[in-house]
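A structural walkthrough
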Amino acid sequence: MSIDPIKVTEKISSNYRNYLSTTFRFQDPRLQEQLLQGLSEQGRFIKGPILEATPAFVKGASIARLVHEGVLSPEFLRLGTEALPVERELHQHQEQALRKLVVGRRNIVVSTGTGSGKTETFLIPILDHLFKEAVRGLLVPGIRALLLYPMNALANDQLKRLRLLLANYPRITFGRYTGETEQRHSNALSKHRKLYGADPLANELISREQMWEMPPHILLTNYAMLEFLLLRPRDTVFFDGDQARYWRFIVIDEAHSYSGAKGIEIAMLLRRLKDRVVGSDRGKLQCVATSATLGGGRADFPQVVQYAERLFGEDFQWSPGDPGQQDVVEATRVPLADGNREGWGRPDPRVYREWEGIIERGLPEERAVQEMREHAVKSGIPPDLVARAAAGDWREFLYEVLQEDTNLLDLKRELQDQPRLLAELPPALGLESEFGPEVVASLVNLANQARIGDSMPLLPARYHLFVRAIEGAYLALQPKRKLFLERREKIREQGSDYRVFETATCRQCGAAYLVGQRKPENGHEILSMAGERGKVEYFLLLDQGANLEELDEDEEVEFPEGKDNEDKYERYLLCLRCGAIDQENILMFPCECGKENRVLLLRVPSRDDRISFCPACGKRSSGGVARRFLVGADAVATVLGSVLYQEINPGKLPGKDVRPIAENDDPWAGGPTSVGEDSEEAQANLARKLLVFSDSRQDAAFFAPYLSRTYNQIVHRHLIVCALRDNADLALQNAWRVQDLIAPVRQAAVKCGFFTDESPQEQTNEVWKWVMHEFIGSDRKISLE
């Protein structure tokens, strides 16, 4: 299999736990033990692998049939493109959507999953409208459909599809108007030729000058550019005058991304657009919203309709008992399980893993089938079934043998209604041995590859793994110190309530701080959890060796704003039951919970929610010395992405015989064991592909270089550690200096194929950079120190 779900889950769990446990540390051994136990708790931060079946969508009518019925224009038969075969059956939800748009003239929300063909649900009706105008001689320049995307990448993908669809139908024009669109046509033409090595289609408008002169029938843009188009005088041709009388469709892709303030902004933007092109008359425009994640099922569709109405300012309906009044289109999949079929029986489950091994060895088809037959007979599969199934390749063999396998039939029934944890499936299939999950994973892998020709596999499925970020650590100090990794305000112990406080630790020594904000309550101040607003304060627990006599108020803090009371170290008393807090020398403490419930704290001066000095160990840093138990999204994604990439089994490239990555191979080696692009592991690495998604363009733009930089740093550090580990005795015996480390690190890098074309001197120079980067300590948070 390309990726082992069990092995990957274990590796992600281990690496993620190691990342958190080395990022955060307590000086107090009791708290440190609780932290490690909490991070290791099964299912707390990692859940999965979860297996989800993805059967095919129910088929509907073909475009040719809809043309024959008079629903669609006969012009579809003249497209002649493989991008939209007219004889191929549409998905049932695609047919439903286009019937609602073309026949019913309704507004719709297409709420179907990823890969369900949402684009065709609105492109076919748009093309149908344009075809019918062309036949009537009404296809003059002017926008008919606006396709609005949240990011340029999606608009560019749609542009590629339109090129394929309309290559043979030049009467329909289309164009993308974004910040990337050149104004001068000569510049746009030069750019297009450079990118694609050819001139654009005659009906693709590639410059702003072209679109000003002859507005396209289909316009692709993003919401930020639409705002500019509505404001700029040069762009009024799209919205005013004779060429702006033909508007018909507004399509918003990824509609779920427009929530909150952004949703309100887009709703008002669309109202301004409608005011310009149709005088705000409801019903003149048809509106389509698409999303793979809007709502959680039919129970949410009334809210989905309400959302669409507010977004577009148009009528959407959902009547549960009337299909004609349902404007949310959902997908319907083919039933996975077929009744209570018993099948031919259950083979020895070890045969699944043996078949996997045969496939992974990459044997020739005839030999692979022969070995599969031998193992099949030994495992108890009926000989006559094995004989009948041996005629094709190994995929067809698996299809014939497994389609009536009782284990697979039971597995399909288990996955029919909802995804299931992989660990829950072996008992349901009677596979309760210690290797149960591995056997089920092998069966899923085989069934996913079993097919005849271009048919759907026996079990189309995918795995999910959910990883939760740590969102703070919280500490109760009475009646005993107890650490929580989920937010809570208080606990009840021995019949009494005690407050819980957010905690942070010193990066250097692990001393514990309480973090929060002082807020008024019942006439006095309490230490409360930090909110989104207000100054965050740090209080050191004064039982961790802080030497207050060494604190010099004239030197301890270097804040440029000058001194005030906020810059001073002050002792405070904190009630652990009610949270009351006041200075130590106060004559009358504001609560009556008793002295036994009070703890002595030291308020440490802070700026911008950071403290620059730790009184417990003397560590100083302008970037902050205390760390709250929060991690950035980029750091976690890097940890997870690195593991996934390393665990991908690339299999074989065409014409290459590449050995699988061995179990004992170094996961951080980063390259082939022999130098050269034709070496076996070099070819394996070329075959690895990992795609990382983000809901934010800005997050994605920052994450790509972050991943590259941090991953390379990890590889460099690993090479340094390997060199030191392999030469430990020699380094101690000869009292190595920094320069003595360079040659061993370079040798380790060359050995694992890190360098290819660099000269020895260039390699040495590069290794010097790695080593000095660590000794300078420019990245102290996760340095080798």
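Look up: the structure comes first, before these words.
Small disclaimer: the values here were computed from a predicted structure and weren't measured.

**Quick look at the overall build of the protein chain**
On a plain count of helices and strands, the protein chain comes out with 24 helices and 25 strands. Principal axes of the C-alpha set define a box for the protein chain whose edges measure 95 × 75 × 65 Å. The long-range fraction of contacts in the protein chain, counting pairs at least 24 apart against all pairs at least 6 apart in sequence, stands at 70%. Within the protein chain, one finds 100 positive and 114 negative side-chain charges whose respective centroids are separated by 3 Å.

**Considerations on the side chain of E120**
If you trace the backbone, E120 turns up in helix α5 (residues 118–135). With relative accessibility at 17%, the residue E120 sits in the buried group.

**Digging into the packing of helix α1 (residues 5–23) against helix α2 (residues 29–40)**
To characterise two packed helices, one gives the angle between the axes of the helices and the distance between these axes. Contact geometry for α1 and α2: axes closest at 10 Å, N-to-C directions at 160 degrees. Accordingly, the angle class assigned to the pair α1 and α2 is roughly antiparallel. You can see that α1 and α2 cross each other, and the crossing is right-handed. Residues R17, L20 and S21 of α1 form the contact with α2, whose participating residues are L36, L39 and S40. Taken together, the residues of the contact of α1 with α2 sort by class into three nonpolar, two polar and one charged.

**Quick word on a nonpolar patch on the surface**
A contiguous nonpolar patch, built from W768, M772, F775 and I776 and spanning about 400 Å² of accessible area, is present on the exposed surface. Mapped onto the secondary structure, M772 falls in helix α24 (residues 760–776). For M772, a relative accessible area of 31% corresponds to the partly exposed category.

**Comments concerning the packing of helix α15 (residues 394–402) against helix α18 (residues 436–449)**
The interhelical angle for the contact between α15 and α18, taken along N-to-C directions, is 115 degrees, at an axis separation of 8 Å. The orientation of α15 with respect to α18, classified from their angle, is roughly perpendicular. Crossing angle aside, the handedness with which α15 passes α18 is left-handed. Along the contact surface, α15 presents W394, R395, L398 and L402, while α18 presents L443, L446, A447 and Q449. Of the residues in the contact of α15 with α18, the class split is six nonpolar, one polar and one charged.

**Observations concerning the nonpolar core**
Generally speaking, soluble globular proteins have nonpolar side chains that are buried together. If you look at the biggest cluster of nonpolar residues, it comprises 44 residues, and the most contacted ones within it are I63, L72, F76, I126, I172 and I218. Contributions of two or more residues to this core are made by α3 (63–68), α4 (92–102), β4 (108–111), α5, β5 (145–149), α6 (152–165), β8 (218–222) and β9 (249–252). With eight residues, α5 is the single largest residue contributor to this core. Not counting residues within four places of it along the chain, the set of residues in contact with F76 comprises I63, V67, L84, V86, I124, L127, D128 and F131. Counting residues in each nonpolar core, the second largest holds 42 residues, with I250, I252, C287 and W318 among its members.

**Considerations on unusual backbone geometry**
Cis geometry is found at the peptide bond from G48 to P49, where omega equals 0 degrees. By secondary structure assignment, the location of P49 is in strand β1 (residues 46–53). Residue P479 is reached from Q478 by a cis peptide bond, and omega for that bond is -5 degrees. Looking at the element boundaries, P479 is found in the loop between β14 (473–476) and β15 (482–484). Of note, the phi angle at D609 is positive, near 65 degrees, even though the residue is not glycine. Within the secondary structure, D609 is located in the loop between β24 (598–604) and β25 (626–628).

**Focus: the state of the cysteines**
For the coordinates displayed, the defined rule picks out zero disulfides. There is no disulfide at C617, and the cysteine sulfur nearest it, in C509, is 3.6 Å away. Here C617 falls in the partly exposed class, since its relative accessible area comes to 34%. The structure places no disulfide on C722, whose sulfur is separated from the nearest cysteine sulfur, that of C752, by 8.5 Å. On the basis of relative accessibility, which here comes to 11%, the residue C722 falls in the buried class.

**Some thoughts on the sheet that holds β5**
Strand order in the open sheet formed by eight strands is β7-β6-β8-β5-β9-β10-β4-β11, and the pairing between neighbours is parallel. Of all the strands in the sheet, the pair left with one neighbour each is β7 (204–205) and β11 (328–329). Alignment of strand β6 (residues 174–176) against β7, held across two bridges, turns out to be parallel. Paired with G175 across the two strands is L205, which belongs to β7.

**Some details on helix α11 (residues 301–312)**
The end-to-end C-alpha distance of α11 is 16 Å, a good match for the 16 Å that twelve residues give at a rise of 1.5 Å each. For α11, the complete set of buried residues consists of F301, V304, V305, A308, L311 and F312. Projected onto a plane normal to the axis of α11, the buried residues spread over an arc of 125 degrees and lie on a single side. Its buried side turned inward, α11 meets β4, β9, α10 (260–278), β10 (286–291) and β11. One or two steps after α11, the chain reaches G313, where phi turns positive at roughly 70 degrees.

Here is what the cut-offs are and how they apply
Residues numbered from 1 in each chain as written. Predicted model: local features only at pLDDT ≥ 70, side-chain atom pairs only at ≥ 80, totals over all residues. Heavy atoms only, no water. Helix = DSSP H or I, 4+ residues; strand = E, 2+ residues; numbered from the N terminus. Contact = heavy atoms within 4.5 Å. Lys, Arg positive; Asp, Glu negative; His and termini not counted. Charge placed at Lys NZ, Arg CZ, Asp CG, Glu CD. Buried < 20%, exposed > 50% of the residue type's maximum accessible area, 1.4 Å probe, protein only. Axes fitted to C-alpha atoms, helices over the stretch in contact; angles between N-to-C directions. Parallel < 35°, antiparallel > 145°, perpendicular 65-115°, else oblique. Left-handed = near helix turned anticlockwise from the far one by under 90°. Nonpolar A, V, L, I, M, F, W, Y, C, P; charged D, E, K, R; others polar. Patch = residues over 30% accessible without salt bridge, like charges linked within 9 Å, V, L, I, M, F, W, Y side chains within 5 Å. Areas by Shrake-Rupley, 256 points an atom, 1.4 Å probe, with all protein chains shown as cover. Salt bridge = Lys/Arg side-chain N within 4 Å of Asp/Glu carboxyl O. Core = buried A, V, L, I, M, F, W, Y, C linked by side-chain atoms within 4.5 Å. Disulfide = S-S within 2.5 Å. Pairing = 2+ DSSP bridges. Expected span 1.5 Å × (residues − 1). Arc of directions from axis to C-beta.

Nothing here speaks to function; it is all geometry.
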